[in-house]
Structure formats: C-alpha cells, structure tokens
Amino acid sequence: MERIYIALAALFGGFIAALLGWLESGEAFNIRKFGGSMIRSVLAGVILALSIDSTGQVNIASIFYAFLGGAGVDVIGNRLAGNFGNGSFPLAESPGKDDPED
C-alpha cells in the first residue's frame with residue numbers, strides 16, 4: 001500500500017507542476033502537452049514506488065519527496081523536450097538555411 005501512496009504523490013506532483021505551467025503560459029489548454037506531463041509523472045511515480053524499501057514505514061517526508069520528484073521530472077522533461085523541439089538545442093544547421101549566398 002505504501003508504494004501506491006508514493007506513486008500517487010509523484011503523479012500529483014507532476015499534475016500540479018503541469019497545471020502551474022499551463023496557468024503561467026497564458027496559452028489555450030493543450031491536452032497533448034498536459035498528457036505528456038502526466039506520462040512523465042506516471043513514469044516517475046512507478047520508478048519511485050519501485051525504488052522504496054517495502055519493509056520500511058512510509059512517512060510524510062517520503063511522500064513529500066515523491067511529490068517533488070514527480071514535479072521535478074515533469075519540469076525537467078518539459079525543458080528537455082522544449083530544447084530538442086524548438087531548435088535551441090545545439091544541433092548542426094541544415095545547409096542553405098540563412099545562407100546569404102542564396
């Protein structure tokens with residue numbers, strides 16, 4: 001049962017991070033972006049739940065750390081996805097793009 005609490009806390013952390021990110025963006029709600037955040041949070045929750053020692057007692061600190069872990073995975077995942085997707089990641093430019101000789 002403790003693992004479920006950890007997984008739910010990580011999922012809730014990712015949900016809150018995604019919700020706050022959407023509220024700060026001022027954009028229309030995009031279910032695709034929100035769904036990606038939920039998938040990252042679910043993965044974080046599964047990894048955190050499987051990594052705890054099931055013989056120990058889960059306390060409020062463990063749940064708080066799982067919450068922060070779910071939020072952090074979502075935030076870092078969004079940053080990485082944004083850097084790969086919008087061209088700001090240092091990849092080689094395609095030849096002919098912004099070429100003054102064209």
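Coordinates for the structure precede this section.
What counts, and at which threshold
- Counting starts from 1 at the beginning of each chain's written sequence and moves along it residue by residue.
- Local features in this predicted model are restricted to residues of pLDDT 70 or higher, and side-chain atom pairs are both shown and tallied only at a pLDDT of 80 or more, whereas totals for entire chains, interfaces and linings draw on every residue.
- Think of the side-chain values as coming from all heavy atoms in the structure, minus any hydrogens and water.
- In DSSP terms, a helix is any run of H or I states spanning at least four residues, a strand is any run of E spanning at least two, and both are numbered starting from the N terminus.
- To estimate how far a helix should extend, the number of its residues minus one is multiplied by 1.5 Å.
- Residue exposure (1.4 Å probe, protein chains only): buried if accessible area is under 20% of the type maximum, exposed if over 50%, otherwise partly exposed.
- Regarding the arc, it is the one traced by the directions from the helix axis to the C-beta atoms.

Colleague: Honestly, helix α2 (residues 31-51) in this entry has me stumped. Any pointers?
Modeller: Residues separated by three or four positions in an α-helix point in the same direction, a consequence of the helix having 3.6 residues per turn. For α2, with 21 residues, the first-to-last C-alpha span of 30 Å sits near the 30 Å given by 1.5 Å per residue. When α2 is considered as a whole, its buried residues turn out to be Phe-34, Ser-37, Met-38, Ser-41, Ala-44, Gly-45 and Ala-49. The buried residues of α2 occupy one face: seen down the axis, they fall within an arc of 125°. Projecting away from the buried face of α2 at angles above 90 degrees are the exposed residues Arg-32, Ile-39, Leu-43, Ile-47, Leu-50 and Ser-51.

Colleague: In this structure, what is going on with helix α1 (residues 2-25)? I would like to understand it.
Modeller: Between its terminal C-alpha atoms α1 stretches 35 Å, which fits the 34 Å expected from 24 residues at 1.5 Å a residue. Within α1 the residues assigned to the buried category are Ile-6, Ala-9, Ala-10, Gly-13, Gly-14, Ala-17 and Ala-18. Once α1 finishes, Gly-26 follows within two positions and takes phi at roughly 75°, a positive value.

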